[in-house]
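Observations on the three-dimensional arrangement
So you can see what is in the structure, the chains are spelled out below.
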Amino acid sequence: MTTLDKAPAEASAPTAAPGSAPTAAPGSASAPTAAPGPAATGPERKLKLGGVTREDVFTVLGALVGSLGLDWVLYERVLPFSGVLGFLLCWYLLFLVGYYGLGRLQWGGLMVRECLVSVVAWSSGALVIGLIADQIGYVASRGYEAAQHGNFFTETMDRTASLSPITSGGAIHAVVGSLEQLGLATLFAVPLGIAAAVFMSEVGGRLARPVRTLVEAMTALPSIVAGLFILGVVILTFGFDKSGFAASLALTVMMMPIVTRAAEVVIRLVPGTLREASYALGGSQWRTVWNVVLPTAKRGLVTAVVLGMARAVGETSPVLLTAGFTSRMNANPFEGHQISLPLYIWSYVKLPVDQMVARAFAAGLTLMAVVMILFVTARVLGGRAAGDMNRRQKRRLARAERQARAARPSAAAPSFGAAPGATSGATSVTASVTASADSPVRPSAAAPSRPAIATGEH
């Protein structure tokens, strides 16, 4: 909590010494009156500039309890309403109204509005966190029966039937397929997306607007259309078989517009003064973009890549049309059918067998874990701010400084074996040369005198 120390009050003017008459200033009609003595000051008080007080907590609790009681009366006794969702929504609206009314009884209008906006923001964040926790908890509770066995992460479904026990079969082939397809899609989409963003923000020209329009149209493209495009062009037209590579191309179509739009916004946020400084030092446009713009926007570019991966990792329809289905391990994405985790979930969750449904929910929990690991890795790799050096660069800089310090000659230490007067003579010669270089040139005694204007002396 931020606090400020309040300084003690100071006396307005010094008091006159006891027993001495006040002296009048020269030229004044009367002597000034003596200033009062210094006011008594207590200990310093700390002024709180933020935080949550007891009144704030009691106001929120009172609004929550009162709105809950009023909501229960309206739903159970007065109005013919029913349903949990409507009850919770009505409770939240009544809570906001009650909090505003209780706040008006204590604070001014401006402070009440500010507190109301803060409560809405905090409750919205809590709602999002609650929804995420509810989804993770539901998936974990349904898939724990299959995920608690180690065979789920080490075996495939090659020798497992629908009625096989839960201790048989797993989803390791789907995990491998998802990682390979997502890796290939990221390898294809990230360079293309960042290059398109650099073109639209740094190069420009007549083609910038059509490219931006096309990227915006691809952003709202349904995923099934991307799958149909790869199915019609790559598989049916060119004769390629369904494989993980074809699925990665479909995911690339989904990732590239997301990466491009986010990267363009981030690159435009780079200050123009950095580009001007690079141009002033003689850097070309390519060197400026590569060494100044992209390193400065590194964090934002990592966020763009994460958003693209989040869009592609959970897609099912493009993979369903382009990757095929298999229950065996296929680590070669360029040949044969290859399954992924979303397709694994979609294939097994619709079966009327509890074991298969449990495996599907366990695969969903595994997909959440894979996405979390990928996102954390991306954040760690791009977590440094622009201009921050990594450990290798810091060690290299420290090594260069030590070498420069060791190569620097010591002027004060004389060389061993030299004559006692050699050092002093060399020092005196150096001093005389420096003095002659710094001092103005004066005419010698034998030379005829010249005016001061000609010699520069005044």
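Presented here is a report on the structure given in the accompanying data block. From a predicted model like this one, the values you see are computed outputs, not experimental measurements.

A word on the nonpolar core
Formed by 34 residues in total, the largest nonpolar core has its most connected members in Phe-152 and Tyr-344. Every element with two or more residues in this core is listed here: helix H3 (109-147), helix H4 (172-203), helix H7 (244-268), helix H10 (298-313), helix H12 (341-348) and helix H13 (354-381). Per element, the largest residue contribution to this core is seven residues, and it comes from H13. Among the nonpolar cores identified, the runner-up in size contains eleven residues, and Ala-263, Val-266, Leu-294 and Leu-301 belong to it.

Here's the deal with the environment of Pro-295
With respect to the element layout, Pro-295 can be found in helix H9 (residues 285-296). The partly exposed category is assigned to Pro-295, whose relative accessible area is 35%.

Some details on H10
Relative to the 22 Å expected for 16 residues at 1.5 Å per residue, H10 spans 22 Å between its end C-alpha atoms, a close match to the ideal helical length. Among all positions in H10, only Gly-300, Leu-301, Val-302, Ala-304, Val-305, Val-306, Gly-308, Met-309, Ala-312 and Val-313 are buried. The inward-facing, buried residues of H10 abut H4, H7, H9, H12 and H13.

Side note on a positive patch on the surface
A cluster of basic side chains, namely Arg-391, Arg-392, Lys-394, Arg-395, Arg-396, Arg-399, Arg-402, Arg-405 and Arg-408, defines a positive patch on the protein surface. Structurally, Arg-408 can be placed in the loop between helix H14 (391-407) and helix H15 (420-438).

Considerations on the pattern of salt bridges
Following the criterion strictly, the structure yields five salt bridges and no others. With its nearest N and O atoms 2.7 Å apart, the salt bridge here joins Arg-275 to Glu-202. Linking Arg-275 in helix H8 (residues 272-280) with Glu-202 in helix H4, this pair joins segments that are 73 residues apart in sequence. On the accessibility criterion, Arg-275 (15% relative accessible area) is buried.

Remarks on the packing of helix H2 (residues 84-104) against H3
Relative orientation and spacing of two packed helices are given, respectively, by the angle between their axes and the distance between those axes. Between H2 and H3, the least distance of the axes is 9 Å, while the angle of their chain directions is 150°. The orientation of H2 relative to H3 falls into the category roughly antiparallel. Relative to H3, H2 is oriented so that their crossing is right-handed. Across the interface between the two elements, Tyr-92, Phe-95, Leu-96, Tyr-99, Tyr-100, Gly-103 and Arg-104 from H2 touch Gly-109, Val-112, Cys-115, Leu-116, Val-119, Val-120 and Ser-123 from H3. Looking at side-chain class alone, the contact of H2 with H3 contains ten nonpolar, three polar and one charged residues.

A look at the environment of Gly-177
Assignment of secondary structure puts Gly-177 in helix H4. Sequence separation of Gly-177 and Ala-323 is 146 residues, and the distance between their C-alpha atoms is 9.5 Å. With residues up to four places along the chain from it excluded, the contact list for Gly-177 reads Gln-338 and Ile-339.

Examining the packing of aromatic side chains
Applying the stated criterion to the full structure yields eleven aromatic pairs. Ring centres 4.6 Å apart and planes at 85° place the aromatic pair Tyr-344 and Tyr-348 in the edge-to-face group. Of this pair, Tyr-344 and Tyr-348 both sit in helix H12, separated by four residues, roughly a single helical turn. Through a chain of ring-to-ring contacts, three or more aromatic side chains come together here, namely Tyr-75, Phe-81 and Phe-87.

Here is what the cut-offs are and how they apply
- Residues numbered from 1 in each chain as written.
- Predicted model: local features only at pLDDT ≥ 70, side-chain atom pairs only at ≥ 80, totals over all residues.
- Heavy atoms only, no water.
- Core = buried A, V, L, I, M, F, W, Y, C linked by side-chain atoms within 4.5 Å.
- Buried < 20%, exposed > 50% of the residue type's maximum accessible area, 1.4 Å probe, protein only.
- Helix = DSSP H or I, 4+ residues; strand = E, 2+ residues; numbered from the N terminus.
- Expected span 1.5 Å × (residues − 1).
- Contact = heavy atoms within 4.5 Å.
- Patch = residues over 30% accessible without salt bridge, like charges linked within 9 Å, V, L, I, M, F, W, Y side chains within 5 Å.
- Areas by Shrake-Rupley, 256 points an atom, 1.4 Å probe, with all protein chains shown as cover.
- Salt bridge = Lys/Arg side-chain N within 4 Å of Asp/Glu carboxyl O.
- Lys, Arg positive; Asp, Glu negative; His and termini not counted.
- Charge placed at Lys NZ, Arg CZ, Asp CG, Glu CD.
- Axes fitted to C-alpha atoms, helices over the stretch in contact; angles between N-to-C directions.
- Parallel < 35°, antiparallel > 145°, perpendicular 65-115°, else oblique.
- Left-handed = near helix turned anticlockwise from the far one by under 90°.
- Nonpolar A, V, L, I, M, F, W, Y, C, P; charged D, E, K, R; others polar.
- Phe/Tyr/Trp six-rings, centres within 6.5 Å; stacked < 30°, edge-to-face > 60°.

Any functional reading would require information beyond the geometric quantities listed.
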